[in-house]
Amino acid sequence: MVHQHFKLVDVMTAAENIVIGQEKGVFTSKKRMAQEISALNEKYGLKIIPDKKIYNMSVSEKQSVEIMKILYRGADVLILDEPTAVLTPQEITALFDILRRMKEQGCSIIIITHKMAEVMDISDRVTVLRKGESIATVVTKETTPKQLTEMMVGGSVSLEIERPKVTLSEKPLLSVKNLTKRDYEGVNVLNDVSFDIYGGEILGVAGIAGSGQKELCEIIAGLDKANGGEITFDGDSILGLSPRAILKKGISMSFVPEDRLGMGLVAGMSVTNNVILKSYNRNRGPFLDRKFAKSLAEQIVSDFDISTPSVNHEVKKLSGGNIQKVLLGREIWLAPRVLITAYPVRGLDIGASYNIYRVINEQKKKGVAVLFIGEDLDVLKSISDRLMVIHSGEVIDIVDPEEVTKEDIGLMMLGHHREEGAV
Amino acid sequence: MDILNEISLFLQTSVQMGTHILFAIVGGIICEKVGNTNLGVEGMMLMGAAMGFTVACSTGNPVLAVLAAGAAGLAGALIYAFITVTLRGNQVVTGLVLTIFGTGFAGFIGKSVSGNIVPESVVSAFRPYDIPILCDIPIIGKALFSQSIYVQMALVVAILAYFYINKTKMGLYMRAVGENPAAADASGVNVTFYKYFNILLGGFLCGVGGAYLSIVFLTTWQDNVTAGAGWIAVALIIFSTWNPLKAILAAYLFGMLKGLNFKMQGWGIQVPSQFLEMLPYVATIVVLVFITLRKKKENQPPKALGDPYFREER
C-alpha cells in the first residue's frame, strides 16, 4: 500500500526506510541493502539512490521509495492511494511507465484516484465507489468519463467547469510587487513575485507543492512577514498590517493544508465555535453572542449542504469534504473582496468539488478577486481566467489557460521558461 | 612531571564523577530514541541507588546488588511505559511524577538502611584496579585503566548502545518508531513492543547508574544521593544529540566540573565551594542555549518525541 501521505522516516536513507520491518539477522548491512535495491531498480526501471536521505528527496523520489518498499517485500499486489496528487505531468508519465512495467511482470495494481484522465489512461478495469458502496465494476475501454462520473455522483452532472465572463474592475484589487521572503536558513522561498488580480477574476496558481504557495498566502493574510516588496489592496499598502486589520479590509483566506485542519479550523471545537472564530470581535462586551453564532453556523450548514449531526459537533469528527465546506463557508460569509483559496477541493469527491467550484464562481460573479491555488491542472486550466505558474518561489509566467497545454504548464512547474525551447 | 601526575589524577576523578551521569544519559537516549521524553531519569536513578544499596548490604553480593538496582529502575520505567504507551498519557507529567515517586521511594527504603556501610565483599569487587601497562599511559592512563570495573562498565555500555542504535536491526526499528511511528507501523514493526522494550532498557541503565553513587562512590546511604544528576542527564541527552558516543564526552565533561570542586581546594585556589557546586548547572543552561542554534537534520530530536502513538489519529 502506498499511502497518499508518505510514511517515511525523514532522517534515514532510502535503503534504511526500505528495509524497516524486513531485516533478517541482528546487524544491518549497508552493502547488502544497496545490492538488493539496485537489483530491484533494474527489474522495474526505478531510479533510487540507496544512500540518499529522505529529506533531500523530491516528492516523486519519495514516492519511488514507497513503491520500492512494497516491491522489496516481494508483494505482487500494489495499492496506490492518490499517487499523482503531488506530481507534475512528466513525473506522472514516469510513474505510469513503472506501473505498466510492473503489470508486465505480473503484479496486480490497485490505483485510487479522483482524476478522470488518469483512470482512462492507466486502468484496465474501474470500480466506482460511492459512500462506502461498490456501485459497479466496468472495463475501462467500454466506458466513458461521463458515465463513470454519473456513477460516482449518482445522477447526471456536467463535467464542464464554467468560466462565466465578468466585467473586471478598472483597477486591480490586489497587487503584489517584487515580494521576497527568505526562510530562517536564508533561502528565498519567494523571489521577486509580482502579480495583479482584478475584481471579478480568478487567478489560478499552478506549482509543485511547496513552491511558495503557503508563504504567499500567509504573507498576504498578514500571518507572516515579507523580506521585501509590497502588497497593495485597492491602492493602500497592507504589508505589515495585523491579520485582523487585513481581514477587516475584506481580504479573506481559506487555506486547506495537507492534513486539512492545520490552520483555519480548530479540530476539537464545534462547528459553531469555529464559525465565530473570525467574527467574535464584531459583538461588544466580553461575552460571546452565542445565539447569533449558532444561527450563523446553521445558515452555513444549510447553505453549503454540510452533513453534520448538529452545529455543536466537533469539527474533527466530520468528513474531509464537510470540514472544507465549513472553512470555505465561514470565509465567504465574511463577504470578502479578495478571496484566497488554496487546495479547496483537496481530497473531495467529484460532486463536492464541483459544488465548491460553483461557489467560487459565484464569488467571482459578485466581483470578488479570487486567488485560486490548485493541484489538478485540468481544473486550473478550466476555472482560471489567468494562470500563474510558480517554481521554487519564482513566478515563471502568467499565461492564458486557453493558450497553453498541460505539458507546457508541467515544464514551467519544473522551472523551464517557455522561450527556452524545451517545449 | 608533578603537573602531569596531577592532571592524570584529576581526569581519573572526573571520570569517576561522570560515571553515574553516563549511565543515565545512555539510558535516557535509548528511551528518547523511541519517541518518549522521560523526565523520570532522576527518580529511576534514586530507586536504583536505594535498592542496590539495600541488596548490597543484606547479601554482600556485588552482582546481585547491581541487578537489583537495574530492576528497580526497570520497575520505575514500567510504570512510566504503561502510562505513556498503553494509556497514552502525557509523557512530561508522567516523567515528573515518576521522579517524585522515585525520590519518595528511595527515602523510604533508605531510612531502614541508613547508617549501614556497604560490606567489604562489595567494596573490594568495585575497588579500582590497574590494568597493567595501559594504566601507565601518561595523562589518560589512570583515567581509563586504573578504575573500578563499574566505571569501565559505563564506558562499555555507552559504546554498545551506539552499536545497538546505529548498526543493528532492532536499532533501526527503534529509530523508525521514534521518528515516525506510523511509518514503522505500516512497515510491520510492532510499535508498542519497541517502545516498551527500550523504555525498560533505559530504566534499567538509569537504575544501575544511580547505584554507582550509593554502593561504589559513597558506600554509605545518603538521602537524595543523586543531587539532581538525573536532571543534568536529561539536558545532556540533548547536548549529546542523541548519540551515546558523544554522551561519553558530555558525561566526563560534567564530571570534570564536579571534580574541580574537590581539586581546587587541594590546589589551594580560593573559590567559594558554593560557586563551584553551581558550575555544572550553569554549564547545563549554557549548553542548552548553544545547542538550540544547531540546524543539522541529523542532530535534531527524534521527530515523534513526546507524541503518543495512536494508529487512528489524523
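Summarised in this report is the structure supplied together with it. Per chain, residues are indexed from 1 in the order of the written sequence. Here chains are named by letter from A upward and ligands by number from 1 upward, in the order in which they appear as written. Since the coordinates come from a predicted model, pLDDT governs what is reported: local features require at least 70, and pairs of side-chain atoms require 80 or more to be given and counted, while whole-chain, interface and lining totals use all residues. Side-chain measures were taken over the full set of non-hydrogen atoms in the model, leaving aside hydrogen atoms and water.

Thoughts on helix H14 (residues 406-413) of chain A
All names here are of chain A.
Here's step 1: Exposed residues in this analysis have more than 50% of their type's maximum accessible area, buried residues have under 20%, and partly exposed residues fall in between, with area computed by a 1.4 Å probe over protein chains only. Where helices and strands are cited, they refer to DSSP runs of H or I of at least four residues and of E of at least two residues respectively, numbered from the N terminus. Among the eight residues in H14, six count as buried, and that is most of the element.
Here's step 2: Of all the positions in H14, only Asp 408, Ile 409, Gly 410, Leu 411, Met 412 and Met 413 are classed as buried.
Here's step 3: Taken together, the buried residues of H14 touch helix H4 (89-104), strand S7 (202-206), helix H13 (377-383), strand S13 (386-391) and strand S14 (394-399).
Here's step 4: Positive backbone phi, approximately 100 degrees, marks Gly 415, located one or two places after H14. Here, residues are in contact when the closest pair of their heavy atoms is within 4.5 Å.

Digging into the packing of helix H2 (residues 41-59) of chain B against helix H4 (residues 91-113) of chain B
Residue and element names in this part refer to chain B.
Here's step 1: Think of each axis as a best-fit line through the C-alpha atoms, taken over the contacting stretch in the case of a helix, with angles from 0 to 180 degrees between the N-to-C directions. At their nearest, the axes of H2 and H4 sit 7 Å apart, and the two run at 20 degrees to each other. In terms of orientation, H2 lies roughly parallel with respect to H4. Read as a crossing pair, H2 and H4 show a hand that is left-handed. Contacts between H2 and H4 involve Val 41, Glu 42, Gly 43, Met 44, Leu 46, Met 47, Ala 50, Met 51, Phe 53 and Thr 54 from the first element and Leu 98, Thr 99, Phe 101, Gly 102, Thr 103, Phe 105, Ala 106, Ile 109 and Val 113 from the second. Orientation categories follow fixed angle ranges, with anything under 35 degrees roughly parallel, anything over 145 roughly antiparallel, 65 to 115 roughly perpendicular, and all other angles oblique. Left-handed describes a crossing whose near helix is turned anticlockwise from the far helix by less than a right angle; the clockwise case is right-handed.

Side note on the interface of chain A and chain B
By convention, interface size is frequently given as the accessible area that disappears when the constituent parts associate.
Here's step 1: The interface of chain A with chain B comprises 27 residues on the first partner and 20 residues on the second.
Here's step 2: Just to be clear on terms, a salt bridge is a Lys or Arg side-chain nitrogen sitting within 4 Å of an Asp or Glu carboxyl oxygen. Applying the counting rule to chain A against chain B returns two salt bridges.
Here's step 3: Among the ionic pairs, A:Asp10 bridges to B:Lys303, the shortest N-O distance being 2.3 Å.
Here's step 4: We define a polar contact as two N or O atoms separated by no more than 3.5 Å, with the added condition that, inside protein, one atom must be a possible hydrogen donor and the other a possible acceptor, whereas residues neighbouring each other in sequence contribute only through side-chain atom pairs. For the interface between chain A and chain B, the tally reads three residue pairs in polar contact (both at pLDDT 80 or more).

What about the nonpolar core?
Soluble globular proteins tend to bury their nonpolar side chains together.
Here's step 1: Throughout, nonpolar core names a set of buried Ala, Val, Leu, Ile, Met, Phe, Trp, Tyr and Cys residues whose side chains join them through atoms within 4.5 Å. Counting residues in each nonpolar core, the largest one holds 123 residues, and the members touching the most others are A:Met102, B:Leu22, B:Ile25, B:Tyr150 and B:Ile215.
Here's step 2: Element by element, the count of residues in this core is highest for helix H10 (residues 191-218) of chain B, at 13 residues.
Here's step 3: Apart from the residues within four sequence positions on either side, B:Tyr150 is in contact with B:Thr19, B:Phe23, B:Val66, B:Phe126, B:Val208, B:Ala211, B:Tyr212, B:Ile215 and B:Val216.

Considerations on helix H6 (residues 145-153) of chain A
Residue and element names in this part refer to chain A.
Here's step 1: Restricting attention to buried positions, one finds in H6 the residues Leu 148, Thr 149 and Met 151. One side of H6 holds all its buried residues, which, seen down the axis, span an arc of 160 degrees.
Here's step 2: Packed against the buried residues of H6 are helix H5 (116-122), strand S3 (125-130), strand S4 (133-139) and helix H12 (350-365).
Here's step 3: At the exit of H6 stands Gly 154, carrying a positive phi of roughly 85 degrees. The directions from the helix axis to the C-beta atoms form the arc being described.

Bear in mind that shape data such as this cannot, by itself, settle questions of function.
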